[in-house]
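Working through the structure, step by step
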Amino acid sequence: MRFFGTTWVEHDAGYTARRAGVAAGALTATIASCLILRFAYEGLRIAEVGGLVSLLMVVMFAVCSALTFGHTWGAFTTRPDPSRQASLRGLLAVGFVGALTAYFLRSLKEAPGESLHRQEYEAARTQHTRRTGNPAKKQRRP
C-alpha cells in the first residue's frame, strides 16, 4: 500500500496508473530475480559441484518460493502473526521469487493489501460512527 497513499479508498488520483506501475515493477523484479538465480545455477554448474547439489539448490528455491508465495498471498487478506513472521524471515528471504510473483499477481486484481486495508477502514469508520453518531441529531437536555 506504500505506493498508493490513500488513493485506494476512492480509486482516484492516478490509482489505475499506479497499479499498472506496481504490476510492471513487480514483474520486472520477478524476471530479474529469476535471471539472478539462473546465474547462480550456472555458477554451480561451471564449478562442477555435482548433480545432487544442483538439484538440492533448485528444490530449495522452488519449495521456499512456493511457501513464500502462499504466505504473501495470505497476508493480503489477513494480518500475519508477528512472531510467526519473525520465525519465517529466513524462509521468506530465500523464497523472494514467490513473494514478488504474489505481489505481481495481486496487483492485477487490486492494490496488494487493499482488501485487508478496506476491511479495517470500514470497521474503523463503523466504530467511529457508532461511537460519535451525528452531533446534529443529538437531543439537547434543557
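Structure first, text after, so check above.
Residues numbered from 1 in each chain as written. Predicted model: local features only at pLDDT ≥ 70, side-chain atom pairs only at ≥ 80, totals over all residues. Heavy atoms only, no water.

A closer look at the overall build of the chain
When helices and strands are tallied, the chain shows 7 helices and 0 strands. Reading the chain from its N end, one meets helices and strands in the order α-α-α-α-α-α-α. Per-residue burial for the chain yields a buried fraction of 27% across its 142 residues. Within the chain, counting contacts between residues at least 6 apart in sequence, those at least 24 apart form 74% of the total. A total accessible area of about 9,700 Å² is found for the chain, and carbon and sulfur atoms account for 64% of it. (Helix = DSSP H or I, 4+ residues; strand = E, 2+ residues; numbered from the N terminus. Buried < 20%, exposed > 50% of the residue type's maximum accessible area, 1.4 Å probe, protein only. Contact = heavy atoms within 4.5 Å. Areas by Shrake-Rupley, 256 points an atom, 1.4 Å probe, with all protein chains shown as cover.)

Examining the environment of Ser65
Relative to the assigned elements, Ser65 resides in helix α3 (residues 51-75). Spatially, the C-alpha atoms of Ser65 and Val97 are 5.7 Å apart, while their sequence positions differ by 32 residues.

Topic: the packing of aromatic side chains
All chains considered together, the criterion is met by 3 aromatic pairs. Ring geometry for Trp73 versus Phe76: centroids 6.3 Å apart, planes at 75°, classification edge-to-face. Residue classification places Phe76 among the buried residues on the basis of a relative accessible area of 7%. Taking the centre distance of 6.2 Å and the plane angle of 55° together, the rings of Phe76 and Tyr103 count as tilted. With Phe76 in the loop between α3 and α4 (82-87) and Tyr103 in helix α6 (residues 96-109), this residue pair connects regions lying 27 residues apart in the sequence. (Phe/Tyr/Trp six-rings, centres within 6.5 Å; stacked < 30°, edge-to-face > 60°.)

With respect to the pattern of salt bridges
Under the definition given, this model contains 3 salt bridges. With a shortest N-O distance of 3.2 Å, Arg38 and Glu42 are connected by a salt bridge. With Arg38 and Glu42 both in helix α2 (residues 15-46) and 4 residues apart, this pair spans about one turn of that helix. Linking Arg106 and Glu110 is a salt bridge whose minimum nitrogen-to-oxygen distance equals 2.9 Å. We note that Arg106, like Glu110, is buried. Three or more residues joined by partner-sharing salt bridges are found here, namely Arg38, Glu42 and Arg45. (Salt bridge = Lys/Arg side-chain N within 4 Å of Asp/Glu carboxyl O.)

Some words on the side chain of His71
Its location among the elements puts His71 in helix α3. Overall, His71 belongs to the buried group, its relative accessible area being 13%. A distance of 3.3 Å separates the side chain of His71 from the side chain of Arg84, its partner in a polar contact. Leaving out residues up to four positions away in the same chain, His71 has contacts with Pro80, Arg84, Gln85, Leu88 and Leu92. (Polar contact = N/O pair within 3.5 Å; in protein donor to acceptor, adjacent residues only side chain to side chain.)

Observations concerning unusual backbone geometry
A positive phi angle, near 55°, is found at Glu48, a position not held by glycine. Along the chain, Glu48 turns up in the loop between α2 and α3. For Glu48, a relative accessible area of 69% gives the class exposed.

Here's the deal with the side chain of Thr30
Note that Thr30 resides in helix α2. When its relative accessible area of 11% is taken as the criterion, Thr30 is described as buried. In this structure, Thr30 is in contact with Val97, Leu100 and Thr101, ignoring residues within four places of it in sequence.

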